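Examination of the molecular architecture
As a plain string of letters, each chain reads:
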Amino acid sequence: MGVNVGIVCAALLLATQAIGVPATAPWKKPFEGNIFHRKQALPIDTIFKLPVTNSSWPPGGNFASGIIDLGGLQVSQISTFNKIWGTYGGGYDDQGITMFEPSGIPQGFFTLASYSQPNNKPLYGWVLVAKDVSKNTSNPSLKQPVDYTLVWNSASLQINQDGPVYVWLPTAPDGYKAVGHVVTTTADKPSLDKIRCVRADLTDQCETTSLIWGSDSFNVYYVRPSNRGIQGPGVRVGSGTFVAQNGNPNPPSIACLKNTNAIPKYMPNLQQIKAILRVYSPTMCLHPDEEYFPSSVDWFFSNGALLYKKGQESSPVPIASNFSNLPQDPNDDGAYWLDLPADEANKERVKRGDLPSAVSYVHVKPMLGGTFTDIAIWVFYPFNGPARAKVEFINLKLGKIGEHIGDWEHVTLRVSNFNGELKQVYFSQHSKGIWLDSSQIEFQNGNKPLYYSSLHGHASYPHAGLTMLGGDKIGIRDDTAKGDNVMDMGAFQLVAAEYLGSDVVEPLWLNYFRGWGPKIDYDVDDELNKLVEFMPGKLKSSLEKIVSSLPPEMLGEEGPTGPKNKNNWNRDEV
């Protein structure tokens, strides 16, 4: 969705807080339950596997070879674990977390970190184990810690747990860094052989992401590399690698790994990309009441879309069949913009899109130091429909608010370069989005993810239903449901994979950096007065408070720019 609805959402959040409607609060709250008392079966008791096992990929290169060399340090991805400790309250859905150590480690490899996961989803994660191949006897890639520091223990806490847990931070030798914790069930320090520290030049700065569990001032956070993107060398040590700290979590007490070799070395080739998409290409479900469908870019241009130039608004031009008249300089200066056909009949027809012509546009890029392949799958809609609000029990159409011409949406598949397995999917939702593990999404036809496009706004959701943006009682509605209209993302055009060089030719329209729709001014007050005229006083007041918090940008509608203008084109998703 474009800029306006994202602004509406942010404003609604602020306004609902101002009028006393609670926004989504952090999950963290006091624990309940008896010590050592195990709850009923939890989702984490189930080990998740993809619906279909795919163990082979087309030959060539180093993709899915099982081991990645970061430069004198080989790493392998481990997805089997031994449970060390669990607690059954707090955290996501108040179901607690479980801590593990990796098992089934190949000979010659060593543990770098423990693994932790919330109990509200099936066990499905990984950590890296490492092997020194540097042949540097004085400064090897790995060394044992020289000691441990006890970070925290749960022995004195009245919480629902298996028993006491002790979380240890390795003390690294000079010139080395710890990249993970050791977890035990006794107060005795772990063996120094339990874990390895990594030479500092093979590590990178990391940052905390989500808070997954906590007690008083002690908190457990997931960590990830700070330097992420197409050229970012930071390597995540595990999907469940965590930092356990008292007080401020930044900077974390541990580091991430760093790839000092060529980042694209383990990326898939063209045939492997096609194979990955045959296995994992998603299916998008459109809402049964959707009026504004996706189309191909070619269909949009060939059906009368016009290119406007500032100062020459009276003489727009059609888009050339080879896109050669689209400006190619990387500027977003408002000098050019696209618009619908000028005549009303064609304008209304093109606004509604053309689902049979729609294809997905694929951008393949290395991520997390080249240990993963991110496949961003973009969809184009000629028009984004009006937003809808819910105020208590009343549903409102917001007139022109939220409408704009040209709408780019995407989902991203994150595929392991160790084995080609789909680990996560990112769902873009207006100006933000969410990452979910493969264990948390729906599949159909084998390993193909199923997701849902919201009514009019086209935000991407992993499950059907209503999502309220801004609050449960007052906010913007994002409605998703499964209807007869679906889009198979397996019909795709590979538009970019920079690491493959000239093997992938980018279409000219991809390097058009200006607006895919015009900025049109309209009277927001008029639109909103139409909505509040017949509302009860209290609800009218609530909506007016929301309106009063809207920023000036809401006085106009503006079409978005294309995929290359987005921050995630060269970087990680938000």
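Data block above holds the structure.
My aim in this report is to walk through the structure given alongside it, one point at a time. Just so we're clear, the structure is a prediction, and the values are computed from it rather than from any experiment.

On a plain count of helices and strands, the protein comes out with six helices and 39 strands. Every one of the 574 residues in the protein was classed for burial, and the buried ones make up 58%. Accessible surface for the protein amounts to roughly 23,300 Å². Of this, 50% is attributable to carbon and sulfur atoms.

Right, let's get into the sheet that holds strand S10 (residues 166-171). Across the sheet, three strands lie side by side as S9-S10-S12; this open sheet has antiparallel pairing. Of all strands in the sheet, those bounded by a partner on one side alone are strand S9 (147-153) and strand S12 (182-184). Strand after strand, the sheet turns through a mean of 30 degrees between neighbouring axes, direction not considered. Here S10 runs beside S12; their pairing, made up of three bridges, is antiparallel. Paired with Tyr166 across the strands is Thr184, a residue of S12.

If you trace the three strands from one edge of the open sheet to the other, you get S14-S19-S17, paired in antiparallel fashion. Two strands in the sheet have a free side with no partner beyond their single neighbour: strand S14 (203-204) and strand S17 (234-235). As judged from the two bridges shared by S14 and strand S19 (residues 256-258), these two strands associate in the antiparallel manner. Residue pairing across strands places Asp204 opposite Cys256, the latter belonging to S19.

Right, let's get into unusual backbone geometry. Excluding glycine, most residues fall at negative phi; most peptide bonds, likewise, are trans. One non-glycine residue, Asp94, adopts positive backbone phi at about 55 degrees. Positioned with a positive phi, His458 is a non-glycine residue whose angle comes to about 65 degrees. Its location among the elements puts His458 in the loop between strand S32 (448-453) and strand S33 (460-461). Given a relative accessible area of 0%, His458 falls into the buried group.

With that settled, consider the pairing of strand S30 (residues 432-437). The pairing of strand S29 (residues 422-429) with S30 spans six bridges and is antiparallel. Across the sheet, Gln424 pairs through a bridge with Asp437, a residue of S30. Hairpin connection, S29 to S30: the antiparallel pair is bridged by two residues, and His430 has positive phi, about 65 degrees.

For the rest of this paragraph, the subject is the pattern of salt bridges. Taken as a whole and judged by the stated rule, the model has 20 salt bridges. Arg199 is the salt-bridge partner of Asp201, the closest N and O atoms lying 2.6 Å from each other. For Asp201, a relative accessible area of 41% translates into the label partly exposed. The partner of Asp572 in a salt bridge is Arg228, and the shortest N-O contact between them spans 2.7 Å.

The next point concerns the nonpolar core. Among the nonpolar cores identified, the biggest contains 40 residues, and Tyr280, Met284, Val364, Ile375 and Ile377 are the most heavily contacted of them. Of all the secondary structure elements, the ones that give two or more residues to this core are helix H2 (270-280), strand S20 (283-286), strand S24 (360-367), strand S25 (372-384), strand S28 (404-416) and S29. The greatest single-element share of this core, amounting to six residues, is contributed by H2. Setting aside residues up to four positions removed in sequence, Ile375 forms contacts with Ile276, Leu277, Val362, His363, Val364, Val411, Thr412 and Leu413. If you look at the next biggest cluster of nonpolar residues, it comprises 27 residues, including Phe301, Trp378, Leu510 and Tyr512.

Enumeration over the complete set of coordinates arrives at 28 aromatic pairs. Ring centres 6.2 Å apart and planes at 70 degrees place the aromatic pair Trp57 and Phe63 in the edge-to-face group. The exposure class of Trp57 is buried, given its relative accessible area of 15%. Note on Phe63: relative accessible area 6%, which makes it buried. Aromatic side chains Trp378 and Trp408 sit 6.5 Å apart centroid to centroid with 75 degrees between the ring planes, which places their arrangement in the edge-to-face category. Within this pair, whereas Trp378 is found in strand S25, its partner Trp408 is found in strand S28, the two being separated by 30 residues in sequence. Owing to a relative accessible area of 2%, Trp378 belongs among the buried residues under this scheme. In this arrangement the basic side chain of Arg196 is found over the ring face of Phe110, its NZ or CZ atom lying 3.9 Å from the centre.

About the thresholds
Residues numbered from 1 in each chain as written. Predicted model: local features only at pLDDT ≥ 70, side-chain atom pairs only at ≥ 80, totals over all residues. Heavy atoms only, no water. Helix = DSSP H or I, 4+ residues; strand = E, 2+ residues; numbered from the N terminus. Buried < 20%, exposed > 50% of the residue type's maximum accessible area, 1.4 Å probe, protein only. Areas by Shrake-Rupley, 256 points an atom, 1.4 Å probe, with all protein chains shown as cover. Pairing = 2+ DSSP bridges. Axes fitted to C-alpha atoms, helices over the stretch in contact; angles between N-to-C directions. Salt bridge = Lys/Arg side-chain N within 4 Å of Asp/Glu carboxyl O. Core = buried A, V, L, I, M, F, W, Y, C linked by side-chain atoms within 4.5 Å. Contact = heavy atoms within 4.5 Å. Phe/Tyr/Trp six-rings, centres within 6.5 Å; stacked < 30°, edge-to-face > 60°. Lys NZ or Arg CZ within 6 Å of the ring centre and 35° of its normal.

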